[in-house]
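Breakdown of the fold
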Amino acid sequence: MSLINKKIFLFLTLIFAMYCAVKIGTAWDTGTHLIMGKNRLDYLLSFGSIDKELWFSKYFPGISYTLTAFFVTIFPKQYEFQILHLLNLFISISGIYGLARISKTIFNKKIANIVFIIFLFYPAYFGHMAINPKDTVITVSFIWISYYILKYLQKPNLYQNNRNFLLIISFLIALGSGVNLVFGGVLIPLIIFVLFEIFLYKKFINAKFSYKKFLIDISLIVLISYLILVIFWPQVHSNIFTLPFLFLLDTLSNPPVGAPATILNGEIYLVNNPSKIYVLTSFILRSPEYLLILYPLSFFFIFFKNNFFKNKIKNFNYKIYVIIKILVIFLILLSVSPFPLYDGMRKFMFIIPYFIIVPSLGIYYVLSNMHLISNKILLSLLSVLGLIFLFKFFSLTPYQYVYLNYLNGKTSNNHTKFENDYLATSMKELFEKSKFPKNEVIKLNYCGVGEGKIKRYLREFKFSNVKLTKDKKDYDYVVMTNRVNWDSIDWKDPNPLKNVKSCFQSFEGKLISSVSRSGLKLSMIKEN
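Reading guide: rules and limits
Position labels on residues start from 1 in each chain and follow its written sequence. Given that this is a predicted model, residues contribute local features only at a pLDDT of at least 70 and side-chain atom pairs are listed and counted only at 80 or more, while totals for whole chains, interfaces and linings are drawn from all residues. Values shown for side chains rest on all heavy atoms present in the structure; no hydrogens or waters enter the calculation. Note on classification: 1.4 Å probe, protein chains only; a residue is buried when its accessible area is under 20% of the maximum for its type, exposed when over 50%, partly exposed between these limits. Labels follow the DSSP assignment, with helices taken as runs of H or I lasting at least four residues and strands as runs of E lasting at least two, numbered in each case from the N terminus. Note on pairing: two strands pair once DSSP finds at least 2 bridges between them. Throughout, the protein atoms alone are placed on a 1 Å grid, and a set of points is a cavity if a 1.4 Å probe fits but cannot get out or a pocket if it is open with protein on both sides within 12 Å along at least five of seven lines; lining residues have an atom within 4 Å of a point. Grid points are joined across faces, edges and corners, and a volume is the space filled by probe spheres set on the points. Residues are grouped as follows: Ala, Val, Leu, Ile, Met, Phe, Trp, Tyr, Cys and Pro are nonpolar; Asp, Glu, Lys and Arg are charged; every other residue, Gly included, is polar. What we call a nonpolar core is a set of buried Ala, Val, Leu, Ile, Met, Phe, Trp, Tyr and Cys residues that are connected through their side-chain atoms within 4.5 Å. Axes, fitted as lines to C-alpha atoms, cover a helix only where it is in contact. Angles between the N-to-C directions of the axes lie from 0 to 180 degrees. With respect to orientation, any angle under 35 degrees is reported as roughly parallel, any angle over 145 as roughly antiparallel, any angle of 65 to 115 as roughly perpendicular, and every other angle as oblique. Whether two residues are in contact is decided by their heavy atoms, any of which lying within 4.5 Å being enough.

1. Re the pairing of strand β1 (residues 261–264)
- Side chains Ala261 and Ile263 project from β1 onto one buried face, and the interleaved Thr262 and Leu264 project onto a second face that is buried too.
- The sheet contact formed by β1 and strand β2 (residues 267–270) spans four bridges and is antiparallel. Counterpart to threonine 262 in the pairing with β2 is tyrosine 269.
- Count of turn residues in the β1/β2 antiparallel hairpin: two residues, of which asparagine 265 carries a positive phi of about 55°.

Following this line, the structure appears as C-alpha cells:
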C-alpha cells in the first residue's frame, strides 16, 4: 500500500470512528463518571474548598475522569457527551498506535502494520473506543507502559535516570490505577518479564544497563506515581499515608460490582462466580472468524517454519515465548481472580493487544511467501472471511461491541445467549424512534438500563408526560435491553438464580419499537 493510500485509509477510518462516536448513545454509567470528574475538578481548582464527590468515589482516584471533564467543560453543555466520546476515542486510538510501536520494536514494520489494522478493527475494542472511559484507559496505559519498558531495557543510556521517562511512566501507572486500584495486577506479567529479562535471559537488555540506576528509577517511579494518584484523590487528602491502602484493601475484599449476574453462551452466572472458561469462551465467540482460523495456522508456521521467522527477526523464539507467557499468565490470573467478570470482554480488554499478535505473525508469513500456491489459497480464504467479517462489522454500526461471530449460530437468536447491549448505548436511538401518547400520563417501567440514563433521554426528547415506575404490574410500557433481570434474582434462596430471567424474557406484551442490527435486537419498548 502506497503512502498516499495509507493516509486515505487512515483518514476514512478516523472519519468513520468519529461518526460512530457522535452517533452512539452514552454507556450505562458515563454520566456518573462525568459528574465524578467535574466534582473532582471543582475540588482541585478551588484548592479543596469544594468536595461533593459521590460516596463510591473513594475507590476511584479518577485521574482520567478529571482530565476529560476539564476539556469537556470548555465546550457548550449540550455537546458534552459528544465531546467526551471524541476524547475517549483519541485516547483509545493512541493505544492502537502504541501497540504498533511495540510490534515494530520487537518484530518489524510490516508486522506492526498488520497488528495496527487487526487491533483497529477488533470489534470489542473498536466498539468501546468512544463510549468507555474506564477499560480503554487501562488498556492504553498497559500498552504504553509495555512500550516504555522495552525502550528502557534496550536503550538505558537514553532512558535510565531520565526525568521525562520517569514522569511519563509514573503518570501512566497513576492513570491506570486511577480507574481501578488493582491496576497493579494487570502489570504482573510485565513485572515477571522484566525480572526474568534483567536477571536471567538478557535478550532485550543492553550491555550498558545499570542495576543501580534501575533500583533508583523503580523507587522514583513508585513515589511519583503515588503522588500523582493522591493529588487527584480528595478522599485521601486527610491522610495520604494510610487511607489509600485502606481503600485498596477494601477494594480487594469487596470488589466494586456493577452487575450481579451475566449471561455467557446461554447460561446465567453470578459475576462473582463466573464460568472458569469465561475469558476463553469470550475470545472464541467474540473474535472474527479469520482470526480464529489464523491462530492454529500461525502456531503451525511458528513451529514448522521457524527458520523463516528466525532469519527475519532477531531472537524471534524468545520474543514469541514472552508474548505467549504473558497471555497464559493473564488467563491463569483471571481464572483464579476474585474480581467479577461480566459485560462481554470489557473487564479484560487489556489482553486483546497481546492476543492479536500471534495471528498477525501468520498473516506476515503468508504475505511474505506468496510464491507458494498453498499461501495463495490461504490468502484467498482469509480474504473471503475478512470480507464477511467486515460486512457484519459495518452492519452493526455504531454498536460494534455487540459483535458475535457465526460460531454462535443465527444472529437473531443471540439475544438468548449473551447480554448484547450491556452498556445500553442503543437507548438514544430507541427513544429517537419511539412515540408515546401525549395526552395522558405514561407509566414507564425499565429493565437492563439505568434510571438516570432514561430520565436524561426523556428530557432530551421532551417526553414530559412519561413517569418512571418499578411496579411489576402497574405500568403502561417497559423499556429494556436483554441484560439479566436483576429483580428476578432471589437472594434469599440458596440458589438465587433458580428462577432468573433476562429482561426480554421477563416482560411480555406488544412490541412498540426496537433497535436491531443484523437481526439482533439490542433494546425494545413493549406495551403492557
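Structure's up, so let's keep going.
2. Brief notes about empty space enclosed by the protein
- Counted under the stated rule, the structure contains seven cavities of 30 Å³ or more.
- The calculated volume of the largest cavity comes to roughly 140 Å³.
- Together, 13 residues line the largest cavity, and Leu150, Phe193, Val322, Ile326 and Tyr354 are the ones closest to its centre.
- Of all the elements in the fold, those that place two or more residues in the lining of the largest cavity are α4 (80–106), α7 (135–154), α11 (188–201) and α17 (316–336).
- Broken down by element, the residue count for the lining of the largest cavity peaks at four residues, all from α17.
- Here the residues of the lining of the largest cavity sort into 11 nonpolar, one polar and one charged.
- Empty space within the second largest cavity amounts to approximately 80 Å³.
- In this structure, the second largest cavity is lined by Ala17, Cys20, Ala21, Ile24, Leu89, Phe126, Gly127, Met129, Ala130, Ile131, Pro398 and Gln400.
- Of all the secondary-structure elements, those providing two or more residues to the lining of the second largest cavity are α1 (3–23) and α6 (123–128).
- No other element matches the three residues that α1 contributes to the lining of the second largest cavity.

3. Digging into the nonpolar core
- Of all hydrophobic cores here, the largest spans 151 residues; its most connected members are Phe348 and Phe431.
- Looking at which element gives the most residues to this core, the answer is α7, with 13 residues.
- Of all hydrophobic cores here, the second largest spans eight residues; its members include Cys447, Met480, Cys503 and Phe504.

4. Examining the packing of α7 against α11
- Contact geometry for α7 and α11: axes closest at 11 Å, N-to-C directions at 10°. Taken as axis vectors, α7 and α11 run roughly parallel relative to one another. Contact with α7, carried on its side by Phe142, Ile145, Ser146, Ile149, Leu150 and Leu153, involves Leu190, Phe193, Val194, Glu197 and Ile198 of α11 and no other residues of that element.
- Of the residues belonging to the contact of α7 with α11, the class tally is nine nonpolar, one polar and one charged.

Note that all results are geometric; they support no functional claim without further evidence.
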